[in-house]
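Each chain, letter by letter, is given below.
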Amino acid sequence: MTVGCLVDLTVLDLTQGLAGPYCTMLLADLGARVIKVEPPGGDGTRRTGPFAPDDRLRAFGGYFQSVNRGKESVVLDLQRPQGREAFLRLVPRVQVLVENFRVGVMERLGLGYETLRAINPRLVYAAIRGFGDPRTGESPYVRWPAYDVVAQAMGGIMSITGPDPNTPVKVGPGVGDILPAMFLALGIVGASRYAERTGRGQFLDVAMYDAVLAVCERIVYQYSYTGQVPGPEGNGHPLLCPFDLFPTRDGWVAIAAPWDHLWRKLCAAMGRPELGEDPRFVTNEERVRRAPEVRRLIADWTSVRTKAEVVAALGGVVPCGPLNDAREILQDPTWRPGAW
């Protein structure tokens, strides 16, 4: 990471929850000065546990600190004239404003984009909403509230996640929030560069629905090219094989060897080099057609070994890795204190 590359950027952060704070966290990580404007009582996630043992106020929960690191904070009641006046005095001093209110909230406060642009023409005004903003395109859902699970459901990711078509599954992390945050952070960097060159800011918005759909690009081209609606594939892949999770004596490992040369390396590492030349499996297309049999052959080999034994045999040979839980991740040499 390039440390401090946004050091000349000051951001007014009106966001709460996950999506907006994650976006401004990324900007802070890159060196921006982020001033988080909180209402009286603070961001609601402050009171969401777990809490540190010495946090008697219960005002700095794990959820809050996780996505608000590196930020400054100020309390302003934007529903009162004094709060709005103080806020408006800050606007000419910043380059970026980020908010994730529902459509119309900032306008009702008298703080909409057009008002703030008149005060600071260079301002990059950025918003995350469930279904976008009318300024950049109408949607029948534009005034609907949204949460992560709604964006995941509507954006297509749940339609291809799960063991079968009758069991849709939500992706574990809040990707309905995190994806728009990442896209918006990139947009802010680009718009800020433009403002530096031209002196003109602009309005940006990213919809949670749009962001989830954007990472589901495969279902779009599959349907566009074939007319077939993609469905869940469990832990496999409809176009690549092997590309899956496999059982071991003490858990699971991920193995991906879809290209033919990787398949041959995998077979040799398993002590079955003849499978690498078997005409039934010699190409990815053939392996996809016989995916259940390919999975069984690999599972027969992994299931009598531990995760460590499988990784020792395949690590650096073909793409593979153990399925880690939080404890195992923090025990990995990559993340041990001092490793960086």
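Residues numbered from 1 in each chain as written. Predicted model: local features only at pLDDT ≥ 70, side-chain atom pairs only at ≥ 80, totals over all residues. Heavy atoms only, no water.

### Here we look at the overall build of the protein chain
The line we're drawing: Here a strand is any run of E in DSSP of at least two residues, a helix any run of H or I of at least four, and the numbering for each starts at the N terminus. Contact between two residues is taken to exist if any of their heavy atoms lie within 4.5 Å; hydrogens are not considered. Accessible surface area values rest on a Shrake-Rupley calculation with a 1.4 Å probe, where residue burial reflects the displayed protein chains alone. Charged residues are defined here as Lys and Arg on the positive side and Asp and Glu on the negative side; His and the ends of the chain fall outside this count. A charge is said to be at NZ when it belongs to Lys, at CZ for Arg, at CG for Asp and at CD for Glu.
Regarding its fold elements, the protein chain presents 14 helices and nine strands. Within the protein chain, contacts between residues separated by at least 24 positions form 64% of all contacts whose residues are at least 6 apart in sequence. About 18100 Å² of surface is accessible on the protein chain, with carbon and sulfur atoms providing 57% of the total. Charged side chains in the protein chain number 38 positive and 37 negative. The centres of these two groups are separated by 4 Å.

### A closer look at helix α1 (residues 19-29)
Here is the rule we go by: Burial classes: relative accessible area under 20% of the type maximum marks a residue as buried, over 50% as exposed, and values in between as partly exposed (1.4 Å probe, protein chains only).
Summarising burial for α1: nine of the eleven residues are buried, a large majority. Turning to α1, its buried residues are Ala-19, Gly-20, Pro-21, Tyr-22, Cys-23, Thr-24, Met-25, Leu-27 and Ala-28. As for α1, its buried residues are in contact with β1 (10-13), β2 (33-38), α2 (62-67), β4 (96-99), β5 (124-129) and α7 (175-198). Following α1 by one or two positions, Gly-31 adopts a phi angle in the positive range, close to 105°.

### A closer look at the sheet that holds β4
Stated formally: Paired strands, as defined in this entry, are two strands with at least two bridges between them according to DSSP. To define axes, lines are fitted to C-alpha atoms, for helices over the stretch in contact only, and angles between the resulting N-to-C directions are given on a 0 to 180 degree scale.
Spatial ordering of the open sheet is given by β3-β2-β1-β4-β5-β6, a layout of six strands whose pairing is parallel. Each end of this open sheet is capped by a strand with a single partner; those strands are β3 (72-75) and β6 (202-207). Here the average twist between neighbouring strands, direction ignored, is 20°. With four bridges connecting them, β4 and β5 associate as parallel partners. Its bridge partner being in β5, Val-96 is matched across the sheet by Val-124. Helix α8 (residues 208-215) rests against β5 and β6 of the sheet, and its axis sits at about 65° to β6.

### A short note on the sheet that holds strand β8 (residues 251-256)
The pairing of strands in a sheet comes from backbone hydrogen bonds and takes either a parallel or an antiparallel form. Within the open sheet, the three strands sit side by side as β7-β8-β9. Their pairing is antiparallel. The open sheet has two edge strands with one neighbour each: β7 (243-248) and β9 (320-322). In this sheet, adjacent strand axes meet at a mean angle of 25° when their direction is disregarded. As paired strands, β8 and β9 are joined by three bridges and run antiparallel to one another. What sits directly across from Ile-255, in β9, is Cys-320. With respect to the sheet, helix α12 (residues 291-302) is in contact with β7 and β8, its orientation differing from that of β7 by roughly 35°.

### What to know about unusual backbone geometry
Trans is the prevailing form of peptide bonds, just as negative phi is the prevailing case for residues other than glycine. Here Gly-49 and Pro-50 are connected by a cis peptide whose omega angle stands at 5°. Relative to the assigned elements, Pro-50 resides in the loop between β2 and α2. Here the residue pair Cys-241 and Pro-242 is connected by a cis peptide bond, since its omega of -5° sits within 30 degrees of zero. Within the element layout of this structure, Pro-242 appears in the loop between α9 (217-226) and β7. Phi at Arg-58 takes a positive value of approximately 50°, unusual for a residue other than glycine. With respect to the element layout, Arg-58 can be found in the loop between β2 and α2. Given the relative accessible area of 41%, Arg-58 is considered partly exposed.

### Re the packing of helix α6 (residues 148-155) against α8
Rules: For classification purposes, an angle smaller than 35 degrees is called roughly parallel, one larger than 145 roughly antiparallel, one from 65 to 115 roughly perpendicular, and anything else oblique. The handedness criterion is simple: a crossing whose near helix is rotated anticlockwise from the far helix by less than a right angle is left-handed, and one whose near helix is rotated clockwise is right-handed. Polar here means any residue outside two lists: the nonpolar Ala, Val, Leu, Ile, Met, Phe, Trp, Tyr, Cys and Pro, and the charged Asp, Glu, Lys and Arg; Gly therefore counts as polar.
Contact geometry of α6 with α8 gives a least axis separation of 8 Å together with a crossing angle of 50°. Taken together, α6 and α8 sit at an angle that is classed as oblique. α6 and α8 meet at a crossing whose hand is right-handed. Contact residues: α6 offers Asp-148, Ala-151, Gln-152, Met-154 and Gly-155, while α8 offers Met-208, Tyr-209, Val-212 and Leu-213. Its residues assigned to classes, the contact of α6 with α8 shows six nonpolar, two polar and one charged.

### Let's talk about the environment of Cys-23
With respect to the secondary-structure elements, Cys-23 resides in helix α1. Once the C-alpha coordinates of Cys-23 and Phe-243 are considered, the two residues, 220 residues apart in sequence, prove to be 32 Å apart. Dropping the residues within four chain positions of it, Cys-23 is found in contact with Val-98, Ile-128, Ala-181, Leu-184, Ala-185 and Ile-188.

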